[in-house]
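Below, each chain spelled out in residue letters.
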There are 2 protein chains.
Amino acid sequence: MKYFSFDYDDAQISESKLEKSAKKLETYIKKCHELSTQDSYTEPEQSLHLPSDENLIANVEGLVGEYNLDQLKYIVLVGIGGSNLGTMAVYESLVGQLDYLTAARKPKMIFLDTVSSQKMYQTAELLNSLQSSDEFIIVSISKSGKTTETIANFALLISLVEEKFADINDRCIVISGENSAFWQKAEKLRMAKISIPESVGGRFSVFSAVGLVPLALAGLNVRALLRGAASAIDSGTKFDFVHNHSLKSAVITFIHSQKLPIHNTFLFNPRLDSCGHWYRQLMGESLGKKLNLKGKTVHSGITPIVSIGSTDLHSMAQLFYGGPKDKFTNVVYCLHEDSPIVPNSDLTELVPNIQNNKLVDIMHAVIGGVKEAYRQNKLPFVSIALPAIDEEQIGYYLQFRMLEMMYLAQLMGVNAFDQPSVEDYKKETAKLLAKI
Amino acid sequence: MKYFSFDYDDAQISESKLEKSAKKLETYIKKCHELSTQDSYTEPEQSLHLPSDENLIANVEGLVGEYNLDQLKYIVLVGIGGSNLGTMAVYESLVGQLDYLTAARKPKMIFLDTVSSQKMYQTAELLNSLQSSDEFIIVSISKSGKTTETIANFALLISLVEEKFADINDRCIVISGENSAFWQKAEKLRMAKISIPESVGGRFSVFSAVGLVPLALAGLNVRALLRGAASAIDSGTKFDFVHNHSLKSAVITFIHSQKLPIHNTFLFNPRLDSCGHWYRQLMGESLGKKLNLKGKTVHSGITPIVSIGSTDLHSMAQLFYGGPKDKFTNVVYCLHEDSPIVPNSDLTELVPNIQNNKLVDIMHAVIGGVKEAYRQNKLPFVSIALPAIDEEQIGYYLQFRMLEMMYLAQLMGVNAFDQPSVEDYKKETAKLLAKI
């Protein structure tokens, strides 16, 4: 299988500098490789074992197999952050942004993350319009089982539809840590449940039950997704600068981070928008650290931004080309797509050379124009060209990014797997909740 | 009418410093006030006249009145950048993100901006599933009439549905500059059309026909929208530091921009997401400039990022609190909303103090927690608290931001209204289009 190509001709860093930084990762890459082959989850890097964990896929398929998916129309995913961003990335890459408008493909996924009155009312109205509870499944995900938004949304949605659907607990799946209070509640309420390994953090959990259960319910090919991820681990845990894209990308990003505080993932396909949002969490939480591994105050981090081409060329290109030179850019796109052809008509005479061309070829001309303008403005970038957008390619891409982030954190000398500052607002919120 | 409150107690800038900067704007504010009262569009600041332009609203209502909206189910808006971001901001603020799932409210708006094969196929499939062309209207917007994506999408969509709907030109509205080639094509093809004043740039055009026509077709109250905008002009073009929020916000943002390269609009309501994206263009294009007004190379600009609370607390809070101190934050939220109450149930025992509380009050506890954590980490922010989310309030908010941006550009010494660097990629794209 051919995966994406990674082009760093315009990264503006010498090969010798890259190789010098890469060497610092030799031991850690070896460690990651070893941990990926072990059938356990005691170290955080063992999320690398998920794509080859046969027990896991058997458990997921066993659980999903208990449902009759023929009648299923909607999956409501109640989860936030690491509990929904990976699933959203895979789902939206495959079905696109307007899937909800077309009747053809079922089931469709609805994401409830933050607390929103309007979204809650709209979701409850939709479920109450269905004939039978066989037409929906509610999947609720929280590793700790203490996530305010998830518990509030899950309990509230149940309360708003249980009058119509008395057997609603049968239609709920809880995904949580095996010893959490949420797990025990699910048992008491006779909801189906499946666990997340304790050592696997939210932002590295897309290939655990967190992502696999909802994606399998939605009818997507999770085995192909895992095959792509396993291939990314295979090539990404070898100390081989030519073929290890995660290593290359980490080193380039690390070197630029010393002068460029902003990382722009410029995705030239609206289907990939949620992959960008998933990466925001991955980079934001893994690298944004007050303290380094030695306990020194560093306030490290890179601010990830997501741009969609060509949409954001019409809003952000002026800033990117004319504004401060404080960004390192990843241009990401898909090479081939089944594509309609722009007709030869009165209207298309308005723009030279679009007539009789495929939409995808027009997009490629835009991408070529964007790259050339980056070069002329002397702005550094790398290009990632996917051969297709399908489960296997997205699996490869997401796993490539997770390895890249482990390597980047290592180079920056910070813990990729914790998020201590998140407590800052949670403590204060809890105090205020006690007062209302 | 009460509009939002603006709280800058945590902006970390002394009152005397603020007033000193504000004074620099006295003449310009007076100029803006005068231009807002003139019934013409020769200066770019005269977008400030749009909300009180009675001819404009009469034209828009005349055009929209020609359609029978009872049967209308879908409006396809073909436009990109300044031609769709404002409309999307108003529309999504009001109908929310899951409106497409519920049958109740019609018509629904579909946005085609960039070229996307999947979106094009899905939109064509939807239109072809309708019984009559009375059920849809296609609005195509391009001031120059030369926007590659818009012309390609518009022509392609027509070609994909004209076999079923022979009279499709009757269902198309073109919004363009009055002398553009697009305008002439519309005339030739007997499509309805309405013009955009030459001096009103895309990012300042939401209250022109660009925004008003699709929003009125969607059944929204455009007169209330304009009333809110007119109020923002009324208070925002007085040299009065206490009541002029645009002035205050511009001065605070300007002072922080000298050390903080990133501006974070942290919107604590998912309905406001598109207001954030609209603001990205407004800030990105207005301030991101290679040259200042004197022709000196400055590479000025602030990078706008958009965060959604509480969603992004679960992905970006670690970076915001622990990472580099390079951001100035606007916390934006709505005080009151019709809201369901979280039940007292087995599940809600998992999180202390959420039982029997409204969702909106839980969100307010989160917002309070977030603000307190900003204070503890000594990170500067201002708060904008909307009393409600409706047409009038959104009209006020968007106009407040447009005035703020004119003042900010003035303080930074750059032209708020041009976007010369956008040509950088357009030229190269045109060369590549000629080759395919």
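All values reported here derive from a predicted model rather than from experimental measurement. (Residues numbered from 1 in each chain as written. Chains lettered and ligands numbered in written order. Predicted model: local features only at pLDDT ≥ 70, side-chain atom pairs only at ≥ 80, totals over all residues. Heavy atoms only, no water.)

**Q** Can you lay out the relation of the copies chain B and chain A for me, pointing to particular residues and giving the numbers?
**A** The transformation that overlays chain B on chain A combines an axial shift of 0.0 Å with a rotation of 180°, and the residual RMSD is 0.0 Å. When the rotation and shift are considered jointly, the pair of chain copies conforms to a two-fold rotation axis. Most of the interface of chain B is mirrored in chain A: 100% of its interface residues are interface residues there too. (Least-squares fit on C-alpha atoms with pLDDT ≥ 70 in both. Contact = heavy atoms within 4.5 Å.)

**Q** Can you tell me about the domain arrangement of chain A, naming the residues and giving the values?
**A** Residues and elements named next belong to chain A. Split into domains, chain A comes out as domain 1 (5–32 + 225–421) and domain 2 (41–220). Centre-to-centre, using C-alpha coordinates, domain 1 lies 28 Å away from domain 2. Contacts between the two partners involve 35 residues from domain 1, matched on the other side by 25 residues from domain 2. With both chains or domains summed, domain 1 and domain 2 bury close to 2,600 Å², and 69% of this area falls on carbon and sulfur atoms. For the pair domain 1 and domain 2, the interface holds 1 salt bridge. Applying the counting criterion to the domain 1 and domain 2 interface returns 8 residue pairs in polar contact (both at pLDDT 80 or more). When residues of the side of domain 1 that touches domain 2 are traced back to their parent elements, those giving at least two are helix 2 (26–37), helix 9 (222–236), helix 11 (273–287) and helix 14 (391–412). When residues in the side of domain 1 that touches domain 2 are grouped by element, the largest group, 9 residues, is from helix 11. When the residues that make up the side of domain 1 that touches domain 2 are grouped by side-chain class, the tally is 20 nonpolar, 7 polar and 8 charged. (Domains from an automatic or database assignment. Buried area = accessible area lost by both parts, 1.4 Å probe. Salt bridge = Lys/Arg side-chain N within 4 Å of Asp/Glu carboxyl O. Polar contact = N/O pair within 3.5 Å; in protein donor to acceptor, adjacent residues only side chain to side chain. Helix = DSSP H or I, 4+ residues; strand = E, 2+ residues; numbered from the N terminus. Nonpolar A, V, L, I, M, F, W, Y, C, P; charged D, E, K, R; others polar.)

**Q** Which residues make up the pairing of strand 6 (residues 192–196) of chain A, and what values do they have?
**A** It is a general feature of regular strands that their side chains alternate between the two faces of the sheet. Residue and element names in this part refer to chain A. Side chains A192, I194 and I196 of strand 6 all project onto a buried face; the interleaved residues K193 and S195 project onto a face where none is buried. Relative to strand 6, strand 5 (residues 172–177) runs parallel, the two sharing 5 bridges. Across the sheet, residue V174 finds its bridge partner in strand 6, namely K193. Read from strand 5 through helix 7 (residues 181–188) to strand 6, the crossover connection turns out right-handed. (Buried < 20%, exposed > 50% of the residue type's maximum accessible area, 1.4 Å probe, protein only. Pairing = 2+ DSSP bridges. Right-handed = clockwise from strand over helix to strand, strands pointing away.)

**Q** An account of the interface of chain B and chain A is needed here, citing residue identities and associated values.
**A** At the interface, 129 residues of chain B touch 130 residues of chain A. In this assembly, chain B packs against chain A so that about 10,700 Å² is buried in total across both faces, 65% of it on carbon and sulfur atoms. In terms of surface lost to chain A, no three residues of chain B exceed H314, Q318 and L347 of chain B, which account for 8% of the buried area on that side. Inspection of the chain B/chain A interface yields 8 salt bridges. Note that K185 of chain B and D346 of chain A form a salt bridge whose closest N and O atoms lie 3.6 Å from each other. Ranked by the residues each element gives to the side of chain B that touches chain A, the list is headed by helix 13 (residues 359–376) of chain B, at 12 residues. Here the residues of the side of chain B that touches chain A are counted per class, giving 61 nonpolar, 43 polar and 25 charged.

**Q** Lay out the packing of helix 4 (residues 85–95) of chain A against helix 8 (residues 209–217) of chain A in plain terms, naming residues and giving numbers.
**A** Residue and element names in this part refer to chain A. For the pair helix 4 and helix 8, the least separation of the axes is 8 Å and the interaxial angle reads 35°. Between helix 4 and helix 8 lies a crossing whose hand is right-handed. Seen from helix 4, the contacting residues are T87, V90 and Y91; seen from helix 8, they are V210, G211, P214 and L215. Residues that form the contact of helix 4 with helix 8 fall into these classes: 5 nonpolar, 2 polar and no charged. (Axes fitted to C-alpha atoms, helices over the stretch in contact; angles between N-to-C directions. Left-handed = near helix turned anticlockwise from the far one by under 90°.)

**Q** Got a sec to walk through the side chain of S307 of chain A? Specific residues and values, please.
**A** The residue S307 of chain A is located in strand 10 (residues 303–308) in this model. Setting aside anything within four residues of it in sequence, one finds S307 of chain A in contact with N264, T265, F266, L267, D312 and F320 of chain A together with R280 of chain B.

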